[in-house]
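Below, each chain spelled out in residue letters.
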Amino acid sequence: MPLNEKSHLNLNFFHEPIVDIFRPFPGFQSLRLLQKESKQYPSRSYYLCFVEFDNKYQSTVAMNALQGYRMEKTDTKGLNILYAKTERKTDQRTDRVRSQENRIKQRE
């Protein structure tokens, strides 16, 4: 979604309509939006959207159903949905808590 530099729209303006698109799919967990400046056209910016699901199967169902989805009638390309190139880094604290819980269960 390219935006003109003069547009000072808050990310929250885009967040809810996009969440509403993904929320009906089973396994939907969360959605993050990042605004990036175009390297090719410095006066433009675009948004990257990261959507998380419980598992790969559920994300694949949503991806296949929404590929090419048009947010507006004037949208010529529609959504281009891809798998993340890398796994999202897990919280080290969460990993420590899980390993401690596993040790406790093993002792019992």
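Residues numbered from 1 in each chain as written. Predicted model: local features only at pLDDT ≥ 70, side-chain atom pairs only at ≥ 80, totals over all residues. Heavy atoms only, no water.

## Remarks on the overall build of the protein
Our working definition: Secondary structure elements are defined from DSSP: runs of H or I of at least 4 residues count as helices, runs of E of at least 2 residues count as strands, and each element is numbered from the N terminus. Accessible area is worked out with a 1.4 Å probe on protein chains only. A residue is then buried under 20% of its type maximum, exposed over 50%, and partly exposed in between. Here, two residues are considered to be in contact whenever any of their heavy atoms come within 4.5 Å of each other. Calculation of accessible area relied on Shrake-Rupley with a 1.4 Å probe; when residues are assessed, cover is drawn exclusively from the protein chains displayed.
Tallying secondary structure elements over the protein gives three helices and three strands in all. The proportion of buried residues among the 108 residues of the protein is 20%. Counting contacts in the protein only where the partners sit at least 6 residues apart, residues at least 24 apart contribute 41% of the total. Total accessible area computed for the protein in this model is approximately 9400 Å², and 50% of it derives from carbon and sulfur atoms.

## As for helix α2 (residues 56-66)
What counts here: In this description, the arc belongs to the directions extending from the helix axis to the C-beta atoms. Polar contacts here mean pairs of N or O atoms no more than 3.5 Å apart (in protein, one a potential hydrogen donor and the other a potential acceptor; neighbouring residues in sequence count only if both atoms are side-chain atoms).
Among all positions in α2, only Gln58, Ser59, Ala62, Met63 and Leu66 are buried. Projected down its long axis, α2 carries its buried residues within an arc of 135°, all on one side. Facing away from the buried surface of α2 by more than 90 degrees, the exposed residues are Lys56, Tyr57 and Asn64. Backbone nitrogen of Tyr57 and a side-chain oxygen of the N-cap are separated by 3.1 Å at the start of α2; the cap is Asn55. Following α2 by one or two positions, Gly68 has its phi on the positive side, about 85°.

## Comments concerning the nonpolar core
Just so we agree on the cut-off: Here the nonpolar core consists of buried residues drawn from Ala, Val, Leu, Ile, Met, Phe, Trp, Tyr and Cys, with membership extended through side-chain atoms lying within 4.5 Å.
Counting 15 residues, the largest nonpolar core has Ile18, Phe22, Phe28, Leu31, Leu33, Phe53 and Leu66 as the members making the most contacts within it. Counting only elements with at least two residues in this core, the list comes to α1 (11-22), β2 (28-37), β3 (44-53) and α2. If you tally residues by element for this core, the top one is α1, at five residues. Residue contacts for Phe28: discarding those within four places in its chain leaves Val19, Phe22, Arg23, Val51, Glu52 and Phe53.

## Looking at the pattern of salt bridges
What counts here: For this document, the term salt bridge refers to a Lys or Arg side-chain nitrogen within 4 Å of an Asp or Glu carboxyl oxygen.
Here the structure, examined in full by the defined rule, presents one salt bridge. Among the ionic pairs, Asp20 bridges to Arg23, the shortest N-O distance being 3.2 Å. The class of Asp20 is partly exposed, set by a relative accessible area of 44%. Classification of Arg23 by relative accessible area gives partly exposed; the value is 46%.

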